[in-house]
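# Overview (structure and organization)
This is what each chain is made of:
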Amino acid sequence: MKLRPLLFAPLLALAGTAAHADVTLLNVSYDVMRDFYKDYNPLFQQAYQAKTGERVTVQQSHGGSSKQALSVVGGLAADVITMNQATDIDLLADKGLLPANWARRLPNDSVPFNSITVFLVRKGNPKAIRDWNDLVRPGVQVIVPNPKTSGNGRYTYLAAWGQALRQPGGSEAKARDFVSRLFRNVPVLDSGGRAATTTFIQRQVGDVLVTFENEAEMVAREFGRGGFDVVYPKLSVLAENPVALVDKVVDKKGTRQAADAYLRQLWSVEGQTVAAQNYLRPQHPQVAARYAAQFPPVKTFRVAEVFGSWRAAMKTHFADGGVFDQIYAKK
Amino acid sequence: MSDVSSRATAEAAWVRVALTTLALAFVALFLLVPLAAVFWEAFSKGWQLYVDSLTEPEAWSAIKLTLLTAAFAVPLNLVFGVAAAWAIARFEFRGKSFLVTLIDLPFSVSPVVAGLMYMLLFGAQGWLGPWLAEHDVKIVFAVPGIVLATVFVTFPFVARELIPLMQAQGADEEQAAMVLGASGWQTFWRVTLPNVKWGLLYGVILTNARAMGEFGAVSVVSGHIRGETNTIPLHVEILYNEYNFVGAFACASLLAFLALLTLVVKSLVEWKIARAQAASLNRTREARLASA
């Protein structure tokens, strides 16, 4: 009997600690965006309070992009969703959480900043990796996350396919052959971008990590530029990071105004500057000009240009039994 | 006697030394070194950073949520476990073996599946999801879901600990109490409970250890909202994936420390159990001698 008060003491202690704020927003995002939103959220909070007098608390949830989207479908009450490819937000539209034309509600198809797929190699580039063709050489180990589960991996796959298609004399058959040979050089498929980075950096597996520019630069920053070099291919895919308001949630919570302001400020000079500082390629021309030195110009193509649309690319290449499954099964 | 036993263990000296060394090396390599590594990494950049990583708001909220979850899971499973063990050890009824299987279910079901079960039931697309949303009840991606998943995973510990103990003790003392005119509750409080108290405490300790350490089931239903629905194990994973190794291992060391504390308490309890059992054995022996 004497145990009872002891057991419930922690409950009582916890009851009074919930922080109070006027509005709370939940931003459900993918794995590697934490650094950006950590810098961006205070910026937004100050600006919003100065303008409206309302205090906003922004909560973050990060994880593999498709898993995060599924959580929102499953009831995770996200006011805004910030992903690295449009299909994850289309999924929410299919489930009626937001309208199908969500992309047209904000500038640039709701994409505030981009990244591109680049190569991270070990210092001095011992395997002399300069472009896509070097990745399919025998004896080169390439680290790529699983395109079935990771947006990062999908961009790599589509980049490899698209650039092969655009070589002189390129064809679907040649692109397929190129991508098959590339994945033959992949010793392990990690489930997400961050896991692939850990494999390359911590476990020292592989000669080259193919990942987003902002992730590669983050690695260089965290682990020192002494250990790695970033290699820019001649042609790459433009990784578009779309954002959207989740209508069903904001209407229920009454947070539409704050959530909309939160997303729109991403296009402001301040928001774009934070993006550039986190090695995300800004849309704003002035900010882009100011940070031009840190983003070497690379020719890029959009997924929609080469594959029709994200939905079409998903269906042809990454659905069960799609091209990726056929290629990888043969390995 | 002593001759036989000494002959049985009379291996050559080098065999004994080699086997002992091997066993100790194994323990060191697989238990002590990793444990030491956790603390080593946690303190690798000094005390200050260690304390900071435990007191920053997100870590602090993870610690509070973990304690809160355990504060729900442990008492609930204490009551369930005692009731189930009492029913199973003291009564015969139809479906008893089915009930025993049911109690073991959480041990055999993978924690991830346990989490997904709750998603299927309470998720927005799940069976009860629409009704819950209509009535503004949050289960998954909130504290209730985390508590439910933890309660499920830790359900068997208390009952599994008590059933064999109560079966071994038998119902003699309780029957005696009844014959002497004690009511059901009196019998429970004065006879049943005191007899199993150390076993019960042991079950509670195991429940608590698992409740604080559970990852899989909680990961599915948590939604990973920082400062809101992250428990310590989830927080450790996140920090690790963000290359915040000091923070990750600081939180990991806290969990490890709680586990070590649990083990110390557990050893104390085991020692008490052994003493209590020896004492009760002596008592019965004396009683038999007196009656003879």
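Residues take numbers from 1 onward in each chain, read along the sequence in its written order. A letter from A marks each chain and a number from 1 marks each ligand, given out in the order of writing. Per-residue local features of the predicted model are confined to residues with pLDDT of at least 70, and side-chain atom pairs are confined, for both listing and counting, to 80 or more; whole-chain, interface and lining totals are unaffected and use all residues.

This part covers the overall build of chain A. Numbered from the N terminus, helices here are DSSP runs of H or I no shorter than four residues, and strands are runs of E no shorter than two. Along chain A, the regular secondary structure elements total 17 helices and twelve strands. Using C-alpha atoms as the atom set, the radius of gyration is obtained and then compared with a globule rule of 2.2 Å times the number of residues to the power 0.38. Taken over the C-alpha trace, chain A has a radius of gyration of 22 Å; the compact-globule value for 331 residues is 20 Å, and the two agree within 12%. Based on the C-alpha atoms only, the size of chain A along its principal axes is roughly 70 × 55 × 40 Å. When each of the 331 residues of chain A is scored for burial, the buried share is 46%. Here the analysis covers contacts within chain A between residues at least 6 apart in sequence; of these, 72% occur between residues at least 24 apart. Around each residue's C-beta, the other C-beta atoms within 10 Å are counted; 20 or more make the residue buried, 12 or fewer make it exposed, and counts in between make it partly exposed. All C-beta atoms are placed from the backbone. Residues are defined as contacting one another if the C-beta atoms placed from their backbone atoms lie within 7 Å.

We now examine the pairing of strand 4 (residues 113-122) of chain A. Residue and element names in this part refer to chain A. Burial runs high along strand 4: nine of the ten residues are buried. Think of it this way: DSSP has to see at least two bridges between two strands before they count as a pair. Across two bridges, the pairing between strand 4 and strand 11 (residues 281-282) is antiparallel. In the strand pairing of strand 11, Phe113 is matched with Pro282. Bridge analysis of strand 4 against strand 9 (residues 235-240) gives three bridges, and the strand direction is antiparallel. Paired with Ile116 across the strands is Leu238, a residue of strand 9. Examined bridge by bridge, strand 4 and strand 7 (residues 208-212) share five bridges and lie antiparallel to one another. For Val121, the partnering residue across the bridge sits in strand 7 and is Val208. The pairing of strand 4 with strand 8 (residues 228-231) spans four bridges and is antiparallel. Bridge pairing in strand 8 places Phe119 opposite Val231.

Before going further, it helps to spend a moment on the domain arrangement of chain B. All names here are of chain B. As annotated, the domain borders come from an automatic or database domain assignment. Partitioning chain B into domains gives domain 1 (1-42) and domain 2 (46-291). At the interface, five residues of domain 1 touch eight residues of domain 2. Under the convention adopted here, Pro, Cys and the residues Ala, Val, Leu, Ile, Met, Phe, Trp and Tyr are nonpolar, Asp, Glu, Lys and Arg are charged, and Gly plus all remaining residues are polar. Taken together, the residues of the side of domain 1 that touches domain 2 break down into four nonpolar, no polar and one charged.

Within the fold, Ser280 of chain B resides in helix 14 (residues 245-291). Through-space distance from the C-alpha of Ser280 of chain B to that of Phe91 of chain B is 24 Å; in sequence the pair is 189 residues apart.

Turning our attention to the nonpolar core. Core analysis: the largest hydrophobic core is formed by 154 residues, its most contacted members being Val80 and Val246 of chain A. For this core, the leading source of residues is helix 4 (residues 57-90) of chain B, giving 13 residues. By convention the nonpolar core is taken to be a set of buried residues drawn from Ala, Val, Leu, Ile, Met, Phe, Trp, Tyr and Cys and joined through C-beta atoms within 7 Å.

Residue and element names in this part refer to chain B. Mean pLDDT for chain B: 88, with 97% of residues reaching 70 or above. Per-residue confidence from the predictor is reported as pLDDT, a score between 0 and 100. The secondary structure element of chain B with the lowest average pLDDT is helix 1 (residues 2-8), at 53, and the one with the highest is helix 8 (residues 143-154), at 94. Reported confidence for the predicted complex is 0.74 by ipTM and 0.80 by pTM.

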